[in-house]
Amino acid sequence: MGEEEIEEFVATSYATGDCSVMDEDHHGTPEQRKCAAAWGASQAAPDGGGLVDPEAFVREFDEVYGRILALDGVECALVLEDPEEEEVVAGGGWEEATGD
């Protein structure tokens, strides 16, 4: 996925859902969904190699879940790999995709 596609994914995550925090089917506030989407996209971006083991991904998500709910800046930061520079950089512009 390119940066524009990731930004669209994050914006869609932000815009889709509800704010019914007392409902057992609730999937987080818009900000929490945006944070979770950025975290998930960042897991795939840094090394660009192969598929992530699903069990390892779930374990890692479970470890950071509380920080995602708390909107921890480290967990909510979108990290992208710059293919020309071959280094990991903080993604820009995704806040603009959701109006933040």
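Residues numbered from 1 in each chain as written. Predicted model: local features only at pLDDT ≥ 70, side-chain atom pairs only at ≥ 80, totals over all residues. Heavy atoms only, no water.

S.K.: Can you help me understand the overall build of the protein chain in this one?
M.R.: A count of helical and extended segments in the protein chain gives 5 helices and 2 strands. For the protein chain, the residues scored as buried account for 28% of the 100 residues in total. The long-range share in the protein chain, meaning contacts at least 24 apart out of those at least 6 apart in sequence, stands at 55%. In the structure as shown, the protein chain presents an accessible area of about 6600 Å², 52% of it carried by carbon and sulfur atoms. (Helix = DSSP H or I, 4+ residues; strand = E, 2+ residues; numbered from the N terminus. Buried < 20%, exposed > 50% of the residue type's maximum accessible area, 1.4 Å probe, protein only. Contact = heavy atoms within 4.5 Å. Areas by Shrake-Rupley, 256 points an atom, 1.4 Å probe, with all protein chains shown as cover.)

S.K.: Mind showing me how you'd approach helix α1 (residues 3–15) here?
M.R.: Owing to its 3.6 residues per turn, the α-helix aligns residues three or four sequence positions apart on the same side. The terminal C-alpha atoms of α1, which comprises 13 residues, lie 18 Å apart, in line with the 18 Å expected from a rise of 1.5 Å per residue. Just downstream of α1, G17 is the residue with a positive phi angle, here 125°. (Expected span 1.5 Å × (residues − 1).)

S.K.: Would you mind going over the confidence of the model for the protein chain with me for this structure?
M.R.: Parts of the model with low pLDDT should not have their predicted coordinates read in detail. Looking at the protein chain as a whole, the pLDDT averages 78, with 73% of positions reaching at least 70. Per-element confidence in the protein chain ranges from a low mean pLDDT of 45 for helix α5 (residues 94–97) to a high of 93 for helix α3 (residues 54–69). Across residues 86–98 the pLDDT falls below 50, and counting only partners more than four positions away or on other chains, this stretch makes 32 contacts in the model. (pLDDT = per-residue confidence, 0-100.)

S.K.: Explain the nonpolar core here, please?
M.R.: In this structure, I6, V10, A37, A38, A41, L78 and L80 together form the largest nonpolar core, which totals 7 residues. Those elements that provide at least two residues to this core are α1 and α2 (30–44). Top element by residues in this core is α2. It accounts for 3 residues. Grouped together as the second largest cluster of nonpolar side chains are 5 residues, C35, V64, I68 and C76 included. (Core = buried A, V, L, I, M, F, W, Y, C linked by side-chain atoms within 4.5 Å.)

S.K.: Even after reading the chapter, I still don't get the side chain of Q32, so can you show me in this structure?
M.R.: The topology assignment puts Q32 in helix α2. For Q32, the side chain forms a polar contact with the main-chain nitrogen of T29, separated by 2.8 Å. Here L69 takes part through its backbone oxygen, which lies 2.9 Å from a polar atom of the side chain of Q32. Leave out the neighbours within four places in its chain, and Q32 touches I68, L69 and L71. (Polar contact = N/O pair within 3.5 Å; in protein donor to acceptor, adjacent residues only side chain to side chain.)

S.K.: Got a minute to help me understand the packing of aromatic side chains in this structure?
M.R.: Aromatic ring pairs are defined here through the distance separating the ring centres and the angle between the ring planes. As enumerated under the stated definition, the model contains 3 aromatic pairs in all. With centroids separated by 5.6 Å and ring planes inclined at 55°, the aromatic side chains of F61 and Y65 adopt a geometry described as tilted. Note that F61 and Y65 are positioned in helix α3 at a spacing of 4 residues, about one turn of the helix. F61 sits in the partly exposed class, given a relative accessible area of 25%. Classification of Y65 as partly exposed rests on a relative accessible area of 41%. (Phe/Tyr/Trp six-rings, centres within 6.5 Å; stacked < 30°, edge-to-face > 60°.)

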